[in-house]
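Residue-level listing of the chains:
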Number of protein chains: 2
Amino acid sequence: MTFSKLLSEAIKKKGNPISVGLDPRYESLPAVFRTADKADTSGVAAAFEKFCCAVMDITAPLVPAVKPQSAFFEQYGPPGMSALGNVIRYAREKGLIVIFDGKRNDIGSTAAAYAAGILGAQSAWGADALTVSPYLGDDSLEPFVKTAMERNAGIFVLVKTSNPGGAMIQDLHTGGNQTVYHRIARYVNKLSLETVQQGEHYGSVGAVVGATYPEQLAELRKTMPYSWFLVPGYGSQGGTAKDVAASLDENGLGAVINNSRGLLFAYQREPYLSRFGEQQWEKAVEAATLDMIAELTL
Amino acid sequence: MTFSKLLSEAIKKKGNPISVGLDPRYESLPAVFRTADKADTSGVAAAFEKFCCAVMDITAPLVPAVKPQSAFFEQYGPPGMSALGNVIRYAREKGLIVIFDGKRNDIGSTAAAYAAGILGAQSAWGADALTVSPYLGDDSLEPFVKTAMERNAGIFVLVKTSNPGGAMIQDLHTGGNQTVYHRIARYVNKLSLETVQQGEHYGSVGAVVGATYPEQLAELRKTMPYSWFLVPGYGSQGGTAKDVAASLDENGLGAVINNSRGLLFAYQREPYLSRFGEQQWEKAVEAATLDMIAELTL
């Protein structure tokens, strides 16, 4: 089954396009997980694994995907990466689609090593998709596209990111009323179209487009009609259901809307803090996830 | 000691600015290391570690730095990352400066996690420097700069890469006779200048500029007078001593010239194949390193 079909079916089955961003931050974990010294990388890594698996126990019946953020695991060295491997394996056992958020890339043969290692059930990491940076250009993206096609996996290329500083390069005007991000968007859509399989509308090459720039999101939906969007920035970064509406097609497909802190650490903010607090952090995760589903499917 | 001073002193001590790129590829390893099944990630990772450490036994007395390429280790999952951790530790024991080639980046707090984890002797990975991608803009670079300053570490921001496809974004014209890479170069030089410490000429923020574009290399040296250059593309990718000459100042400082395959797998190519062959792969590494030193210091 192609990545696009896998994603479509999972979204239809769960009735929403939500990805839970697995961004474990030690200082934000509920106290019950904070038993290790922060300098003990193995102890922190074990806590991350335990916490992320507990979050998936709650959310796997509700949402189609998870997006583990590699940085938070890498921060704790080799033990952190082992924990990430275990988290991915657990997610797959739970039937979740795994988007490895690593924003990787390099030149040709090195990009091929990232693609071979991270993408596909038979790879060392076993992720369904990977986020990829476009700065190194077309020949750096090719190995990812090739591997994605061979392994029924997907990639999401950074196009318009959710942070204000993204404008520095992405919004530069390059002539012909085209910014840098416009040009990448057009290239991504070309790759998407080339990877569309029979019976599918979207291809295996998607785009990262932040929820924090709703006008650009709507514009980019038109520029990239054949591309899955991965939309970060919902919740804590300010993106709302209204902001992301334009990324979804009439069938509720075409985009994965990610929320990380807003779900994982819901117990830290209202209304979940008063209703549940740290003791009942699991109920806070569940309620925040159900609330986000309701917001997106109104 | 600042990263810039550490690098200057190491280059002066060894009398050359060479970095040995640790890019282990299983199919290229000398037969003595290829005893594991390719699907056995732990076996391959152990072979990588053994090979890279053997390469450092030969090259540590000769050169100042190594640049492990994360992708080749990540390709073999968590065991690969453990091997990378051991390789970095061994390099530091040997007194080598370690440039972690990961081309990482993400938005603010996630970038901070990469920086905290990878940079500095007290971090989980313990690297002296990290390669960073600029597509996410200024606010994504800030946490790396901050951590580098706190930990006496460095970063190298991708400016003009060695691959042909790099032109796709990097060479786009953005008005005022400035390409994308020109604008990033100017920003990098500003960061370099801001991080110059008393008694030093170069700052803690450097630039990746490929050896395969010698004209741009010379031009970028003028644009970034306060930035260390990390110059890939020497040897196998076609860069020569003449091509990289402009990156070095009159004291032989200001740049680190990296060679990966050309040194690691010297036994596979002439004149080292005939002189040494696979049996004497170590002598091939040594001879190729000494030849590169001679080329650069003529």
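What counts as what
- Residues numbered from 1 in each chain as written.
- Chains lettered and ligands numbered in written order.
- Predicted model: local features only at pLDDT ≥ 70, side-chain atom pairs only at ≥ 80, totals over all residues.
- Heavy atoms only, no water.
- Axes fitted to C-alpha atoms, helices over the stretch in contact; angles between N-to-C directions.
- Helix = DSSP H or I, 4+ residues; strand = E, 2+ residues; numbered from the N terminus.
- Parallel < 35°, antiparallel > 145°, perpendicular 65-115°, else oblique.
- Left-handed = near helix turned anticlockwise from the far one by under 90°.
- Contact = heavy atoms within 4.5 Å.
- Nonpolar A, V, L, I, M, F, W, Y, C, P; charged D, E, K, R; others polar.
- Least-squares fit on C-alpha atoms with pLDDT ≥ 70 in both.
- Buried area = accessible area lost by both parts, 1.4 Å probe.
- Salt bridge = Lys/Arg side-chain N within 4 Å of Asp/Glu carboxyl O.

1. Re the packing of helix α5 (residues 108-118) of chain B against helix α6 (residues 138-151) of chain B
Residue and element names in this part refer to chain B.
1) Next: Axis separation between α5 and α6 bottoms out at 8 Å; the angle between their running directions is 30°. Taken together, the axes of α5 and α6 are roughly parallel relative to one another. Relative to α6, the crossing made by α5 is right-handed. For the pair α5 and α6, the contacting residues are G108, A111, A112, Y114, A115 and A116 in the first and D139, S140, P143, F144, T147 and R151 in the second.
2) Next: Across the contact of α5 with α6, the residue classes tally to seven nonpolar, three polar and two charged.

2. A short note on the relation of the copies chain B and chain A
1) Next: Its rotation angle being 180°, the transformation that places chain B on chain A also includes 0.0 Å of axial translation and leaves an RMSD of 0.0 Å. The superposition operator between the copies reduces to a two-fold rotation axis. For chain B, the minimum C-alpha distance to the rotation axis belongs to B:T174 and amounts to 2.3 Å.
2) Next: With an isologous cut-off of 70% or more, the 100% of interface residues of chain B that recur at the interface of chain A puts this contact in the isologous class.

3. A closer look at the interface of chain B and chain A
As a measure of interface size, the accessible area lost when the parts come together is often cited.
1) Next: At the junction of the two partners, chain B supplies 57 residues and chain A supplies 57 residues.
2) Next: Of the roughly 4,500 Å² buried between chain B and chain A on both sides combined, carbon and sulfur atoms contribute 62%.
3) Next: Where chain B packs against chain A, one counts four salt bridges.
4) Next: The partner of B:E74 in a salt bridge is A:R104, and the shortest N-O contact between them spans 2.8 Å.

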